[in-house]
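Next come the chains, spelled out residue by residue.
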Number of protein chains: 2
Amino acid sequence: MNISQKAPHSATIAEKDMANAIRFLAMDAVQKANSGHPGMPMGMADAVTVLFNRFIRIDPSLPDWPDRDRFVLSAGHGSMLLYAIHHLIGFADMPMSELSSFRQFGAKTAGHPEYGHALGIETTTGPLGQGISTAVGMAIAEQMMAARFGSSLCNHFTYVVAGDGCLQEGISHEAIDLAGHLKLRKLIVLWDDNQISIDGATSLSTSMDQLARFRAAGWNAQAVDGHDPEAVAKAIERARKSRKPSLIACRTLIGKGAASMEGSHKTHGAALGDKEITATREKLDWPHPPFFVPPQIKSAWEGVAVRGRAARETWEIRKDATRSKARYERTINRDIGPEIARRLARFRNEHREKVTKVATRQASQMALEVINGATDLTIGGSADLTGSNLTMTSQTPAITAGSFRGRYLHYGIREHAMAAAMNGIALHGGFVPYGGTFLVFADYARGAIRLSALMGLPVIYVLTHDSIGLGEDGPTHQPIEHLAMLRATPNINVFRPADIIETAECWELALAEKSTPSALALSRQALPMLRETDTQENLSARGAYILREAKGPRDITLLATGSEVEIAVQAAEKLRAENGVETAVVSMPSWEKFETQTDAYQRRILGGAPRIAIEAAGRLGWDRWIGPHGTFIGMQGFGASAPAGELYRHFGITPKHIAAEALRLIGRGRKERRQ
Amino acid sequence: MNISQKAPHSATIAEKDMANAIRFLAMDAVQKANSGHPGMPMGMADAVTVLFNRFIRIDPSLPDWPDRDRFVLSAGHGSMLLYAIHHLIGFADMPMSELSSFRQFGAKTAGHPEYGHALGIETTTGPLGQGISTAVGMAIAEQMMAARFGSSLCNHFTYVVAGDGCLQEGISHEAIDLAGHLKLRKLIVLWDDNQISIDGATSLSTSMDQLARFRAAGWNAQAVDGHDPEAVAKAIERARKSRKPSLIACRTLIGKGAASMEGSHKTHGAALGDKEITATREKLDWPHPPFFVPPQIKSAWEGVAVRGRAARETWEIRKDATRSKARYERTINRDIGPEIARRLARFRNEHREKVTKVATRQASQMALEVINGATDLTIGGSADLTGSNLTMTSQTPAITAGSFRGRYLHYGIREHAMAAAMNGIALHGGFVPYGGTFLVFADYARGAIRLSALMGLPVIYVLTHDSIGLGEDGPTHQPIEHLAMLRATPNINVFRPADIIETAECWELALAEKSTPSALALSRQALPMLRETDTQENLSARGAYILREAKGPRDITLLATGSEVEIAVQAAEKLRAENGVETAVVSMPSWEKFETQTDAYQRRILGGAPRIAIEAAGRLGWDRWIGPHGTFIGMQGFGASAPAGELYRHFGITPKHIAAEALRLIGRGRKERRQ
């Protein structure tokens, strides 16, 4: 079987013609849309044809077959390369009509490849550098699955096509360092070395020796003529045998084949024009109308699918024969089972009884100890803040180049690559990745966090040191705008638990998600256990709930999250004791969950009395919950360097200030209502 | 003079003793604060003592002398290294009492070095990788100043101390590629190669050959024993002579000198403890109490200041003798003069008369053509999207390794390094940097944008393709949460102009800022000129203003920004024509500017009628302006790939939908007010 994988499928149809099919489909689709990027598909058509025709094992009839090779188009703007191939090898959702609807509303052929939008798209790309970094996560997951189930069940490659942009972006540095360190030998990157970027020649902005750079990172690196199929094939064969991840620099001409524009940056991001395309048809001896591929060429491409299907069927037989089949399927389906919820409920009850006072980052570690004991699918990690994020537990030995049986990744000081790798691990299937950094450094991972949300991946961000409460490290480390940044992002749960009970609840909710990432914002400082009622129900699932109800009609409602809930409770007690003011305290661990509650529930929780929101962060977004008669107590600008308690006093986030504002509001509120 | 710069200042006091002064000040300060990072200052004390004692030219009596050497502590957690040196060489604001107040409220000795917080801090560091990348911008500015004024007025080095974290972060890749490409020969980085990061040995997470990596990027790279003063000195001498930027890998022991903890990651981020410090006093033969430095050692350090002062005075004489003195001073003080405002006022008037309809990104380029013609201090650039961001004008030839007389930086596909380099250019003095990318890729630059705001630097971000209006590129390229992310960040102006007039106004406002960065969110699609009144007053300076007033009492108020203002105007016309509803349209190019207006002005603009906010982005933050009876029309989730017009229709951001909502609101609002 190895031989048949490596030999060209079709001897009668030249790969040159198969590549030209890609070229014309790309030219025609971009021309019709009058939008898109023909240059890259044309430039890489030769190399990618070799990759698919001789190596890649995918089965269009079962696109998510777990042991398929992964193909990641990191240079996502060249999406027509992928769509053309998907059409040619027979993906059911990619008939020619989709190609001729390129970039139109509702078409499968979106501007950039979007995971879940069409079959067989392994990851969303377009933001440069994400694909190659996500692929590192896929390759890690492949090695982990192989370590657990053996090479008969998991033995595939992760191929990447990357452009100059992918290699210039900083995230690529983080990713290739990590990949080289872990010796991800089944990761193979084809670099479209066309020496052209949008502004013009790459020599305008870079003098990097990429081969030397990748070798410095522990990669195997080769350079070939990207238009020479045999050279490309030999390089891929060598790469497949390497004990390291591999870079193959394919020297290409952007827009290769174009009659007069070949090699010009003008082919990068715009239609070539009818005249140029007509001339190119003549030059390449392609006497076919737009959106037409001669049957013998189509048939040659379909051979890729035939080979892939055979490989898949052989794999199914192997899988059905293995004793670990059931466990394998639970794993690949990421089935963490019901045991976690049961154990976490027990955990909550136990700590309510013990009245456990810990920082929520520590509560998180205690909950993780339970979770990681109940499933072996969770894969922890931290961007070199393990002892601060508290993301490691007794069940999670480190993953190393020599052993992928571990459950913890030392991601290094690489927040962005960590987030992208977690996306890749989740996309690959088999594991639930969580990774830690400080909340403020979510900034560094923003590009990949957004893709977690856009792709709907159930990855979990453990973001500790979530406010000025971290103290002395000062404003560079104190998040102010980060909760707003995360809350503004569609499809991500932002959890900010107030105590150990809520922390366990939020972990349970995060783990229950199938298509939404979660961010847990956790305190550095210790916080008391606040829950008075039974812990049977997961109250955080409501997003917001009444933690302390007024004893009579409410005079005021305090809304708070995380470490400020304790302060709100103290303010409420003070108001009752000193002023006879009846205050309800609402804990809001998740705005997103609260938004999904009924209007009636929301009204009941928020109440009709004036509201004060308290959060040691910026105000943006809070007005939605405060309503017309309320106010906000939090941060107006950046923080400062001092012990946490002093900072809270300095910035007025204190029971005393809250109580004073409450009294002012009640006065004003009553007067207004009288008018 | 060259000789005296390179020879050790003090022959009688060994540099070993000078370095030990740093060590004990760091140990003592961290111990007293019980918070901080002694390991790095102790490990790098020897190398940095050599750097200061033999090379660096700074003058504590005039810390912002323009031709001083720049020293950037990229590994900002080692802040006590900097504070100790500033104390030892006699900075007026760094008496011993500040060192003993390390990390306390109000102290100059903040947890991480903060620009502007104490004298002589060249840039804020702490978020790893920022310092080295900001230094690239400083070194670019140095070369630009030298190109304009000659080496007699500008001839200094930029020295950086970086740690493993700085070199692991992705931004470092972008920065060193750019620095190598531009051959920034006066940039010298000392890498604290201590093989330790927070999680433990760096071998947990990296196998990078850093010397090979830097050489691949076009750097001179050397490795030395960081505890051997002569070896360090020779390496610095070689680096100063190199035609390339230089890396000096200083192999060190973290916590060097500590009695029992030397070399352990436990010295990184916590106090060593009284016992260990006492033992270290014995081991290093330092029989002095905490916070005490023997006079002869202090005096040796003060020699650095003496040499620096002499160099500065010599430079002053040269400057006073040059014919270009006045021009030099205008430049270094970033004095763009009043001419820009006059010309922009003319520009606005001209285009109001012409009723110019262009995309605001194009309007921005047209305004820049005026601006760049009126000053030569603006330095443009783009992260490889020059033709899309439209940041280049006729006055801005590219800056290259061979010529720093240009005014445009091809930053490459490196948003993060672009932002950091702009920070460095602004910090150096002499120029006003602006740089372009797509708004969505502000994500990639977040870490450095935040530092622009925290440091209060007047850099300008040109963020085009600012909504679903970019169309076919789809959700990966369509910003949704990015306006909220920027608005949530303290101290940054977010401008979203609606037409060519507002675009010119916003550029004028951005250029007038002294201590606030600005982000201009600009459309890809063409927008009509909307201003009907006289263009004499810069209405965008108000943040929001009534673009179209109702003819009688307002039934409804529409709030909109940027490309949605046109749609609001159309909705208002439709409501009047079809429903007899009187609508005011408020354009809100800047929330931040509007927030600084009087309550009376804000009330007048927002009015008492129900409000609808319209913005092709997420809702977060808008409730503040909408008030209790209003609603929001915009995006609920991510965008899609299709032509812009179709997307606006699909997502309901249309005059028709606005009108329908207005009618619904008026009904509801009247009913509510009647109750």
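Naming follows an unreviewed UniProt entry, where chain A appears as Transketolase of Rhizobium daejeonense. Per UniProt, the comment on chain A under Function (unreviewed entry) is "Catalyzes the transfer of a two-carbon ketol group from a ketose donor to an aldose acceptor, via a covalent intermediate with the cofactor thiamine pyrophosphate." Regarding chain A, the UniProt comment filed under Subunit (unreviewed entry) reads as follows: "Homodimer."

Caption draft 1: Expanded view of the packing of aromatic side chains. Overall, the coordinates contain 32 aromatic pairs over all chains when judged by the stated rule. Relative to A:Trp625, the ring of A:Trp591 lies with its centre 5.9 Å away and its plane at 75 degrees, an arrangement referred to as edge-to-face. Residue A:Trp591 is located in helix H22 (residues 591-595), and its partner A:Trp625 is located in helix H24 (residues 623-626); the two are separated by 34 residues in the primary sequence. Judged by relative accessible area, A:Trp625 falls into the buried class, the value being 3%. Both rings, one in B:Phe214 and one in B:Trp219, keep their centres 5.0 Å apart while their planes meet at 80 degrees; by these two values the pair is edge-to-face. No difference in accessibility class separates B:Phe214 from B:Trp219, as the two residues are buried. Among the aromatic residues, those joined into a ring-pair cluster are A:Trp591, A:Phe594, A:Tyr601, A:Trp622, A:Trp625 and A:Phe632. When the ring centre of A:Tyr601 is taken as origin, the NZ or CZ atom of A:Arg542, which lies over that ring, is 4.2 Å away.

Caption draft 2: Geometry of the packing of helix H15 (residues 360-374) of chain B against helix H20 (residues 500-512) of chain B. Residues and elements named next belong to chain B. The N-to-C vectors of H15 and H20 enclose an angle of 50 degrees; their axes lie 9 Å apart at closest approach. As summarised for this structure, H15 and H20 are arranged oblique, according to the angle between their axes. Considering only the axes of H15 and H20, their crossing is right-handed. Across the interface between the two elements, Thr360, Ala363, Ser364, Met366, Ala367, Leu368 and Ile371 from H15 touch Ile500, Thr503, Ala504, Trp507 and Leu511 from H20. In terms of residue class, the contact of H15 with H20 is built from nine nonpolar, three polar and no charged.

Caption draft 3: Just the relation of the copies chain A and chain B, in detail. Rotating chain A by 180 degrees and moving it 0.0 Å along the rotation axis overlays it on chain B with an RMSD of 0.0 Å. Classification of the inter-copy transformation places it as that of a two-fold axis. Interface overlap between copies is the fraction of interface residues in one copy that are interface residues in the other; for chain A against chain B it reaches 100%, indicating a shared surface.

Each value, and the rule that gives it
- Residues numbered from 1 in each chain as written.
- Chains lettered and ligands numbered in written order.
- Predicted model: local features only at pLDDT ≥ 70, side-chain atom pairs only at ≥ 80, totals over all residues.
- Heavy atoms only, no water.
- UniProt positions renumbered as here; feature names shortened; annotations may be inferred.
- Phe/Tyr/Trp six-rings, centres within 6.5 Å; stacked < 30°, edge-to-face > 60°.
- Helix = DSSP H or I, 4+ residues; strand = E, 2+ residues; numbered from the N terminus.
- Buried < 20%, exposed > 50% of the residue type's maximum accessible area, 1.4 Å probe, protein only.
- Lys NZ or Arg CZ within 6 Å of the ring centre and 35° of its normal.
- Axes fitted to C-alpha atoms, helices over the stretch in contact; angles between N-to-C directions.
- Parallel < 35°, antiparallel > 145°, perpendicular 65-115°, else oblique.
- Left-handed = near helix turned anticlockwise from the far one by under 90°.
- Contact = heavy atoms within 4.5 Å.
- Nonpolar A, V, L, I, M, F, W, Y, C, P; charged D, E, K, R; others polar.
- Least-squares fit on C-alpha atoms with pLDDT ≥ 70 in both.

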